[in-house]
Amino acid sequence: ETGVTQTPRHLVMGMTNKKSLKCEQHLGHNAMYWYKQSAKKPLELMFVYSLEERVENNSVPSRFSPECPNSSHLFLHLHTLQPEDSALYLCASSQEAGRSPLHFGNGTRLTVT
Amino acid sequence: EDQVTQSPEALRLQEGESSSLNCSYTVSGLRGLFWYRQDPGKGPEFLFTLYSAGEEKEKERLKATLTKKESFLHITAPKPEDSATYLCAGGTYSGGGADGLTFGKGTHLIIQP
């Protein structure tokens, strides 16, 4: 398998649930990212990991918790979400942050009820 | 604050009718200007990176150009399969670690047969 793979593709969860999104990259890249895409808004950077170390957190609420156990895998743990958190969550990887192009997965469509 | 603005928000063209999409940016320490294509239900797909003013890149019916303040994506004799949302992003590197990209809201392009 090649590229960036995200699972699940769709997720519906209640506000009191706990769930996790998974991302795997097969490109040998050094940086991985979580982005949030909402309707009529630009992609919002949530978290950046470089060589498995988190280097940026754009004031994301603590109900989102990232985990990067190795350079190929990235998780986003979700708990006590709000309906406004419903969005498309995109994982991406790149060779060199800020200069190399991002390669995106196809995202997880999250609906919070 | 870094900002990327795309215009128009939406564009409807007849097949074969050439046009241009605009991306203006105010990004300090810009290390690259990126263009992506996004189809419904999918993650953004990388098209071009431009690194310096005056640079141009071409791919089939698309040509991207860069000045010191803006970038254009020129579409020559488009076909219906060129219909998609086109995203522009500025890449930055502060020197303190890994950075992501600052995205515009995108231009939704529809090519009618």
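As shown above, the structure is provided for reference.
As the structure is a computational prediction, the values presented were derived from the model and not from experiment.

Rules behind the numbers
- Residues numbered from 1 in each chain as written.
- Chains lettered and ligands numbered in written order.
- Predicted model: local features only at pLDDT ≥ 70, side-chain atom pairs only at ≥ 80, totals over all residues.
- Heavy atoms only, no water.
- Helix = DSSP H or I, 4+ residues; strand = E, 2+ residues; numbered from the N terminus.
- Rg over C-alpha atoms; globule rule 2.2 N^0.38 Å.
- Buried < 20%, exposed > 50% of the residue type's maximum accessible area, 1.4 Å probe, protein only.
- Contact = heavy atoms within 4.5 Å.
- Areas by Shrake-Rupley, 256 points an atom, 1.4 Å probe, with all protein chains shown as cover.
- Lys, Arg positive; Asp, Glu negative; His and termini not counted.
- Charge placed at Lys NZ, Arg CZ, Asp CG, Glu CD.
- Phe/Tyr/Trp six-rings, centres within 6.5 Å; stacked < 30°, edge-to-face > 60°.
- Pairing = 2+ DSSP bridges.
- Axes fitted to C-alpha atoms, helices over the stretch in contact; angles between N-to-C directions.
- Buried area = accessible area lost by both parts, 1.4 Å probe.
- Salt bridge = Lys/Arg side-chain N within 4 Å of Asp/Glu carboxyl O.
- Polar contact = N/O pair within 3.5 Å; in protein donor to acceptor, adjacent residues only side chain to side chain.
- Nonpolar A, V, L, I, M, F, W, Y, C, P; charged D, E, K, R; others polar.

A.B. asks: How would you sum up the overall build of chain A? Please name residues and give values.
C.D. replies: Of regular secondary structure, chain A possesses zero helices and eleven strands. The linear arrangement of helices and strands in chain A, starting from the amino end, is β-β-β-β-β-β-β-β-β-β-β. Its C-alpha atoms give chain A a radius of gyration of 13 Å, within 12% of the compact-globule value 13 Å for 113 residues. With the C-alpha coordinates aligned to their principal axes, the bounding extent of chain A is approximately 35 × 30 × 30 Å. With 113 residues in all, chain A has 48% of them scored as buried. Nonlocal contacts in chain A, meaning residues at least 24 apart in sequence, comprise 52% of its contacts between residues at least 6 apart. Counting only carbon and sulfur atoms, one obtains 47% of the accessible surface of chain A, whose full area is about 5,300 Å². Between the mean site of the 11 positive side-chain charges and the mean site of the 10 negative ones, chain A shows a separation of 9 Å.

A.B. asks: Quick rundown of the packing of aromatic side chains? Include the residues and the values.
C.D. replies: Throughout the structure, instances matching the rule amount to eight aromatic pairs over all chains. When the ring of A:F104 is compared with that of B:Y36, the centres are 5.7 Å apart and the planes differ by 85°; the resulting orientation is edge-to-face. Here A:F104, found in strand 10 (residues 103-104), pairs with B:Y36, found in strand 4 (residues 30-38), and the two come from separate chains. For A:F104, a relative accessible area of 11% translates into the label buried. Classification of B:Y36 by relative accessible area gives buried; the value is 0%. Clustering of aromatic rings is evident, with ring pairs tying together A:Y33, A:Y35, A:F104, B:Y36, B:F46 and B:F103.

A.B. asks: Lay out the sheet that holds strand 8 (residues 73-79) of chain A in plain terms, naming residues and giving numbers.
C.D. replies: All names here are of chain A. Read across the sheet, four strands follow the order 1-3-8-7 without closing on themselves; strand pairing throughout is antiparallel. Every other strand in the sheet has two partners, leaving strand 1 (4-7) and strand 7 (64-70) as the edge strands with one partner each. Adjacent strand axes in the sheet meet at a mean angle of 20°, parallel and antiparallel pairs treated alike. Looking at chain direction, strand 3 (residues 18-25) and strand 8 are connected through seven bridges and run antiparallel. By the bridge assignment for strand 8, K19 is matched with L78.

A.B. asks: I'd like to hear about the interface of chain A and chain B, residue by residue, with values.
C.D. replies: Between chain A and chain B, the residue contacts involve 25 residues of the former and 23 residues of the latter. Interface area for chain A against chain B, summed over the two sides, is near 1,800 Å², with a carbon-plus-sulfur share of 55%. Applying the counting criterion to the chain A and chain B interface returns zero salt bridges. Put simply, chain A and chain B have four residue pairs in polar contact (both at pLDDT 80 or more) between them. When residues of the side of chain A that touches chain B are traced back to their parent elements, those giving at least two are strand 4 (31-37), strand 5 (44-50), strand 6 (53-57) and strand 9 (87-94) of chain A. Grouping the constituent residues of the side of chain A that touches chain B by class yields 13 nonpolar, six polar and six charged.

Functional significance is not addressed by these values, which are geometric in nature.
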